[in-house]
There are 2 protein chains.
Amino acid sequence: MLGSGVFAGALEKDFALAREDREGNRFGDELARIGYDGQQACGQHELDSYFELHIEQGPVLEAEDRWIGIVEGAQGMRWYDLTLEGDAAHAGTTPMGLRRDASLGAAAIILAANALTREIGDGALATTGVIDAHPGSRNTVPSRVFLTVDLRHTRNEALDRMEARLKQLVAEICEEHRLESSLERIWESAPVRFDPGCVAAVREATRQSGHPFREMISGAGHDAVYVSRVAPTAMIFIPCGGGVSHNESESAEPEHVTAGVEVLLRAVLERDRAG
Amino acid sequence: MLGSGVFAGALEKDFALAREDREGNRFGDELARIGYDGQQACGQHELDSYFELHIEQGPVLEAEDRWIGIVEGAQGMRWYDLTLEGDAAHAGTTPMGLRRDASLGAAAIILAANALTREIGDGALATTGVIDAHPGSRNTVPSRVFLTVDLRHTRNEALDRMEARLKQLVAEICEEHRLESSLERIWESAPVRFDPGCVAAVREATRQSGHPFREMISGAGHDAVYVSRVAPTAMIFIPCGGGVSHNESESAEPEHVTAGVEVLLRAVLERDRAG
């Protein structure tokens, strides 16, 4: 979403170009290396509207055997970096009661963030995808654990409550285990409702095509979320195998892809007619 | 403990020479590179007895301001590799109830292993020092988590009970979170009682030196644990700053080092007189 973020004015171009991957390759340098640093300004195009066709990246359409998802909006999401600090200590010589073991705080927070989704309900999601324990030696009590937390909900008010509870849980757990903590929200994307006119165009196009469908809210972030800040926007989903994406085993059936392109074309024509 | 393990016949020489560090450097190659692959056979020396002087690597002597630890034996320890397998899934599109999240199993096991030490008591220790979550992306539910578990106790019977409970806890937690698991004991060192004659020599040497002392069991593994298989053995501990070892901030006071060397010399002379 870097390109669409710059296009929509949500991100600075210099920020985007300075991003580095884990090997330290700079995004701007790599664009130049492969000949993709074009001459046009990013974000100066005028748009009447924006329609994005995408695999669902989730299991719902496949499970219900519906070919088209009419996407009415996108969940909000907030990303956090959390560092817990205790003391490194020898696994054989440090009595349990004298330890400040960062792994115990991390474990308790992972479970508490999971339980928080049941407390909030309404499809609330919480995920810890990165867990780095330092120094990373099997006979040393971890002095520091770095965790990520990803919170999602369709309503901003619920995200506010989730964030407040997360802060409280981290404080309580760190007090219990005598740890220091640093919790930082590093990114957020507010819940989005797509343009009613564009969504109506997708709905009419789906009706014309006759494919089985459902209306839904996107769980993932998409370029459409940023572009919706500068142009009327809607999205179309098609099923994907096992809900898998960002992975070599990502797959979509040719008939679903064809159905999606058909709905996309009809939606654009419908938008043109309505305009 | 590789060298002493080969010396005492507990490890094969070829096994030791084939060990690699994280960068893939082979121990045998590195010995050759720095000129330390000597001509003498390892382990053919005759020993009357073996005395090892070491920092405690723990906080007890420093906390009690005792200069000498008369080490009567060493804890047993068992090392485990544990891999938990679930499914990678998108953090925004996969409902909580459909996830098989390896991080939840890992978190529950870390806390359960910790609680297990209170259940067993008598100074039981459990440590998870390594936690690797895959694929390690903040918006992907971890499909796999690799953990290490280090269990220690002064009695083998207690270690047997800890191992049985660990297996049971892993099975229960993996059933609850619908995960697959692989738990493997990769190394063990049985509890050791050092030679009564050698320990008596250290006790007499400490008495002669007049330094404040205590008797203790080593929490860490040491070369003395392996050498005790082939020769009468005892150890002497001195305090270290904050119990820290295997770390740049490891430190020992000159007067404690001097006291340790004095007790070592007197113990050897005492052993010679007794022999």
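As a reminder, the structure under discussion sits directly above these lines.
Figured I'd write up the structure that's included with this text. Everything numeric in this text was worked out from a predicted model, so none of it was measured. Position numbers for residues start from 1 in each chain and track the written sequence from start to end. Chain labels run from A onward and ligand labels from 1 onward, assigned in the order the entries are written. At least 70 in pLDDT is required for a residue's local features to be given in this predicted model, at least 80 for side-chain atom pairs to be given and counted, and no such filter applies to totals for whole chains, interfaces and linings, which use all residues. With hydrogens and water excluded, all non-hydrogen atoms of the structure serve as input to the side-chain values.

Describing the relation of the copies chain B and chain A
Note the cut-off: Each copy is superposed on the other by least squares, with the fit set by C-alpha atoms of residues at a pLDDT of at least 70 in both. Contact definition: two residues touch when any of their heavy atoms are within 4.5 Å.
The transformation that overlays chain B on chain A combines an axial shift of 0.1 Å with a rotation of 180°, and the residual RMSD is 0.1 Å. Read as a symmetry element, the transformation amounts to a two-fold axis. Considering only C-alpha atoms, the part of chain B nearest the rotation axis is B:Ala107, at 2.0 Å. A share of 100% of the interface residues of chain B reappears at the interface of chain A, consistent with the copies meeting face to face through the same patch.

Let's talk about the packing of helix H5 (residues 102-120) of chain A against helix H6 (residues 156-176) of chain A
All names here are of chain A. Rule in force here: Between N-to-C directions, angles span 0 to 180 degrees; the directions come from axes that are lines fitted to C-alpha atoms, helices contributing only their stretch in contact. Strands are runs of DSSP state E lasting at least two residues, helices are runs of H or I lasting at least four, and both sets are numbered from the N terminus onward. To sort the angles, those under 35 degrees are grouped as roughly parallel, those over 145 as roughly antiparallel, those from 65 to 115 as roughly perpendicular, and the leftovers as oblique. Left-handed describes a crossing whose near helix is turned anticlockwise from the far helix through less than a right angle; right-handed describes the clockwise counterpart. Gly counts as polar in this scheme, as do all residues outside two lists: the nonpolar Ala, Val, Leu, Ile, Met, Phe, Trp, Tyr, Cys and Pro, and the charged Asp, Glu, Lys and Arg.
It is at 10 Å that the axes of H5 and H6 come closest, and there the two elements cross at 150°. With respect to their mutual orientation, H5 and H6 come out roughly antiparallel. Taken as a pair, H5 and H6 cross one another with a handedness that is right-handed. For the pair H5 and H6, the contacting residues are Gly105, Ala108, Ile109, Ala112, Leu116, Glu119 and Ile120 in the first and Ala158, Arg161, Met162, Arg165, Leu166, Leu169, Val170 and Ile173 in the second. Here the contact of H5 with H6 is built from residues that sort into 11 nonpolar, one polar and three charged.

Quick word on the interface of chain B and chain A
Where we set the bar: Put simply, buried area is the surface a 1.4 Å probe can reach on two separate parts but cannot reach once they are joined, added for both. Counted as salt bridges are all cases of a side-chain nitrogen of Lys or Arg within 4 Å of a carboxyl oxygen of Asp or Glu. In protein, a polar contact requires one atom able to donate a hydrogen and another able to accept it; more generally it is a pair of N or O atoms within 3.5 Å, and residues adjacent in sequence count only if both atoms are side-chain atoms.
If you look at the interface, chain B gives 49 residues, while chain A gives 49 residues. Interface area lost by chain B to chain A is led by B:Met96, B:Ile131 and B:Arg138, which between them contribute 18%. Linking chain B with chain A are two salt bridges, by the criterion used here. Residues B:Asp81 and A:Arg138 are paired through a salt bridge, measuring 2.8 Å at the closest nitrogen-oxygen approach. Inspection of the chain B/chain A interface yields 14 residue pairs in polar contact (both at pLDDT 80 or more). Elements with a contribution of two residues or more to the side of chain B that touches chain A: strand S3 (76-85), helix H5 (102-120), strand S5 (125-127), strand S6 (131-134), strand S7 (140-141) and strand S8 (144-153) of chain B. Looking at the side of chain B that touches chain A element by element, the count peaks at eight residues for H5(B). For the side of chain B that touches chain A, a count of residues per class yields 22 nonpolar, 20 polar and seven charged.

Overview of helix H9 (residues 254-274) of chain B
Residue and element names in this part refer to chain B. Test applied: Here the expected length of a helix is defined as 1.5 Å per residue gap, with one fewer gap than residues. For every residue, the accessible area obtained with a 1.4 Å probe (protein chains only) is divided by the maximum for its type, and the residue is called buried under 20%, exposed over 50%, and partly exposed between those limits. Think of it as the arc spanned by the lines of direction from the helix axis to the C-beta atoms.
With 21 residues, H9 should reach 30 Å at 1.5 Å per residue; the first-to-last C-alpha distance of 30 Å fits that figure. Of all the positions in H9, only His256, Ala259, Gly260, Val263, Ala267, Glu270 and Arg271 are classed as buried. The buried residues of H9 occupy one face: seen down the axis, they fall within an arc of 105°. What points out from H9, more than 90 degrees from its buried face, is the exposed set Pro254, Thr258, Leu265, Asp272 and Arg273. Buried positions along H9 lie against strand S1 (50-55), strand S2 (68-74), helix H7 (196-209) and strand S12 (233-238).

Some words on the nonpolar core
Rules: The criterion is simple. A nonpolar core is a set of buried Ala, Val, Leu, Ile, Met, Phe, Trp, Tyr and Cys residues joined through side-chain atoms within 4.5 Å.
In terms of nonpolar packing, the biggest core is built from 62 residues, with A:Leu147, A:Leu151, B:Leu147 and B:Leu151 touching the most fellow members. Sequence-distant contacts of B:Leu147, that is, excluding residues within four places in its chain, are made with B:Tyr80, B:Asp81, B:Leu82, B:Ala106, B:Ile109, B:Ile110, B:Thr128, B:Val130 and B:Ile131.

Here we look at the environment of B:Arg203
All names here are of chain B. Checked against the element boundaries, Arg203 lands in helix H7. Arg203 gets classed as partly exposed once you look at its relative accessible area, which sits at 33%. For the pair Arg203 and Ser245, spaced 42 residues apart in sequence, the C-alpha to C-alpha distance is 25 Å. Among residues more than four places away in sequence, those in contact with Arg203 are Ile70, Glu72 and Glu215.

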